[in-house]
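The lines below spell out each chain.
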Amino acid sequence: MEDNIKIKFLVLNYTHPEGYPPTFNAINNLSKIVDEVCVLSAFTLQTKWEYDKNVNLDLIKSEKNRFKLLKAGKFQKLKAYYKYMSKLHRYLKNGSIDIILIYDNVPLFFFRLVSLLLPFTKLPKVWYHNHDVFPLEFYKKYSVNWFGAHTELRLVRKVNYLSLPANERKEHFNLKGFKGKYFFIPNYPSQYIHGNINIRKRIIDNQIRLIYPGNICHKHGFEELIKILCKKVSEKEIHLTLLGDIQEDYREELIEIVKSINSLDKLHFISRKSYFEIPDILQGHHIGWAVNKPLDVTYSTGGTAANKIYEFIAMGMPVLLYDNDHYKSHLGHLESVFFTDLSEASLMKQIQMIIEDYDKYSKSSRSAFVNNFTFESAFNNAAKEVIREIED
């Protein structure tokens, strides 16, 4: 780290960065460029990645189960928020932080509150990156997320740097009078995680295994997909793995569907994993399920923002996406990406097409990642421009 630029970054991500690929990738890339990277987060996952020595991962004690965390009592939540802001205040009061990189609106809200307790000269430059966009009515009134969303509306035009994973989302921010710099940073995979993986993609048994990693909810077409698990394609069984957090009542709903077609053994659940653990799991699957029904801003603008799409591509996996103009405009030119309207006929047809020439599509996916879809291609250019301005 001796040749790194003498700049100190503070990264704010309220939950553990190993559950958020854009934050995790940014930390690993910044540590190769600057002298010190401090990360303030909650201890919502076990830390399993070995960070560079110039990364200080500062974790606030927290409930690791996301759904239990959401249901925690007000006192417990307020106590955690206070601890987070107290640590943030200590980082900022000595004036040693050159720039603060904030991910999403809750840490932005906490930064705003803490900044009121400090003289303006103590405040570093602010780089704000928004990962997901939700309308105000999505949040429970007077919740911390509700206050975060209102803070974002008022404050985003005043930050020094703004970055988004989808240009289509700019219109959802109040940028009138914004005088800072804007960066487009797609949620592509990092070469540090996916660059040196030996891809072993073959369909060599009687199963076609699909997988979805992420937030498991009704917005991803699982109900429609599960209904074909009782069928075969070219004499091969169809299996589905859901990797991530899921509400118990929704899990039971999916199990009831698969039971009704006598295919319970073809639906599999894996609990949430750290980002860098997922590639090993993907190695055992053939097709990536990245269907996002366009029911809100986040899922209707996921063409460059849905990281799982590009993680599948990096792993040499053909990908199934929702059939609409947005996703086709970003990914329709790739021969390893297939689109479905979620009808049984469409699903069966697309899976059949994939397995008929699987090796070709797998190699095409991996090649697309290597040549076009690395996180570093966009992030490092933005980071270096920010650093140049700080040095000046």
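Here, the structure is the one placed above.
Thresholds applied
Residues numbered from 1 in each chain as written. Predicted model: local features only at pLDDT ≥ 70, side-chain atom pairs only at ≥ 80, totals over all residues. Heavy atoms only, no water. 1 Å grid on protein atoms, 1.4 Å probe; cavity = no way out; pocket = protein on both sides within 12 Å on 5 of 7 lines; lining within 4 Å. Points joined across faces, edges and corners; volume = space filled by probe spheres on them. Nonpolar A, V, L, I, M, F, W, Y, C, P; charged D, E, K, R; others polar. Buried < 20%, exposed > 50% of the residue type's maximum accessible area, 1.4 Å probe, protein only. Helix = DSSP H or I, 4+ residues; strand = E, 2+ residues; numbered from the N terminus. Pairing = 2+ DSSP bridges. Expected span 1.5 Å × (residues − 1). Contact = heavy atoms within 4.5 Å. Patch = residues over 30% accessible without salt bridge, like charges linked within 9 Å, V, L, I, M, F, W, Y side chains within 5 Å. Areas by Shrake-Rupley, 256 points an atom, 1.4 Å probe, with all protein chains shown as cover. Salt bridge = Lys/Arg side-chain N within 4 Å of Asp/Glu carboxyl O. Lys, Arg positive; Asp, Glu negative; His and termini not counted. Charge placed at Lys NZ, Arg CZ, Asp CG, Glu CD. Axes fitted to C-alpha atoms, helices over the stretch in contact; angles between N-to-C directions. Parallel < 35°, antiparallel > 145°, perpendicular 65-115°, else oblique. Core = buried A, V, L, I, M, F, W, Y, C linked by side-chain atoms within 4.5 Å. Arc of directions from axis to C-beta.

Novice: Provide a residue-level description of the layout of surface pockets, including the pertinent values.
Specialist: Empty space within the second largest pocket amounts to approximately 290 Å³. Lining of the second largest pocket is provided by Phe 111, Arg 112, Ser 115, Phe 120, Leu 123, Pro 124, Val 126, Leu 155, Lys 158, Val 159 and Asn 160. Split into classes, the residues belonging to the lining of the second largest pocket amount to seven nonpolar, two polar and two charged.

Novice: Residue-level account of the pairing of strand S8 (residues 207-213), with values.
Specialist: The buried count for S8 comes to five of seven residues, which makes it a mostly enclosed element. In this sheet, strand S10 (residues 236-243) lies alongside S8 in parallel orientation, the contact comprising seven bridges. Bridging across to S10, Ile 211 finds its partner in Thr 241. With two bridges joining them, S8 and strand S12 (residues 287-289) adopt parallel strand pairing. Bridge pairing links Ile 211 to Gly 288 in S12.

Novice: Before we move on, can you summarise the environment of Gln 247 with the specific residues and values?
Specialist: Looking at the secondary structure, you find Gln 247 in the loop between S10 and helix H8 (248-260). Separated by 30 residues in sequence, Gln 247 and Cys 217 have C-alpha atoms that sit 8.0 Å apart.

Novice: Summarise helix H5 (residues 144-155); cite the residues concerned and give the values.
Specialist: Note on helix geometry: an α-helix contains 3.6 residues per turn, so any two residues three or four positions apart are oriented the same way. Over its 12 residues, H5 extends 16 Å from the first C-alpha to the last, a length consistent with the 16 Å expected when each residue adds 1.5 Å. Looking only at H5, the buried set comprises Val 144, Trp 146, Gly 148, Ala 149, Thr 151, Glu 152 and Leu 155. Those residues of H5 that are buried are in contact with helix H3 (74-93), helix H4 (105-115) and strand S5 (125-129).

Novice: With reference to specific residues and values, describe a negative patch on the surface.
Specialist: Together, Glu 248, Asp 249, Glu 252, Glu 253 and Glu 256 line one region of the surface with negative charge. Within the secondary structure, Asp 249 sits in helix H8.

Novice: Describe the packing of H4 against H5, and please don't skip the residues or the numbers.
Specialist: The N-to-C vectors of H4 and H5 enclose an angle of 75°; their axes lie 8 Å apart at closest approach. Regarding the angle of H4 to H5, the classification is roughly perpendicular. The residues of H5 that touch H4, namely those facing Asn 105, Val 106, Leu 108, Phe 109, Phe 110 and Arg 112, are Val 144, Asn 145, Phe 147, Gly 148, Ala 149, Thr 151, Glu 152 and Leu 155. Considering only residue class, the contact of H4 with H5 consists of eight nonpolar, four polar and two charged.

Novice: Tell me about the environment of Leu 59, and name the residues and values.
Specialist: Along the chain, Leu 59 turns up in strand S3 (residues 55-61). Measuring from C-alpha to C-alpha, the distance between Leu 59 and Ser 96 comes to 20 Å, with 37 residues separating the pair along the chain.

Novice: Hey, could you go over the nonpolar core for me, with residue numbers and the actual values?
Specialist: As a rule of thumb, soluble globular proteins bury nonpolar side chains together. Grouped together as the largest cluster of nonpolar side chains are 36 residues, with contacts concentrated most on Leu 10, Leu 12, Leu 88 and Phe 110. Elements that contribute at least two residues to this core include exactly strand S1 (5-12), strand S2 (34-43), H3, strand S4 (99-103), H4, S5, H5 and strand S6 (161-164). Counting residues per element, this core draws most heavily on H3, which supplies seven residues. Residues in contact with Phe 110, not counting those within four places in the same chain, are Tyr 14, Tyr 81, Tyr 84, Met 85, Leu 88 and Val 144. Counting residues in hydrophobic clusters, the runner-up holds 33 residues, among them Ile 208, Leu 240, Ile 246 and Ile 355.

Novice: Can you explain H8? Please cite residues and give values.
Specialist: Given a rise of 1.5 Å per residue, 13 residues ought to cover 18 Å, and the 18 Å separating the end C-alpha atoms of H8 matches this to within 8%. Buried within H8 are the following residues: Tyr 250, Leu 254, Ile 255, Ile 257 and Val 258. For H8, the buried positions fall inside an angular range of 155° around the axis, keeping them on one side. Turned more than 90 degrees off the buried face of H8, the exposed positions are Asp 249 and Ser 260. Positive phi appears at Asn 262, one or two residues downstream of H8, with a value of about 55°.

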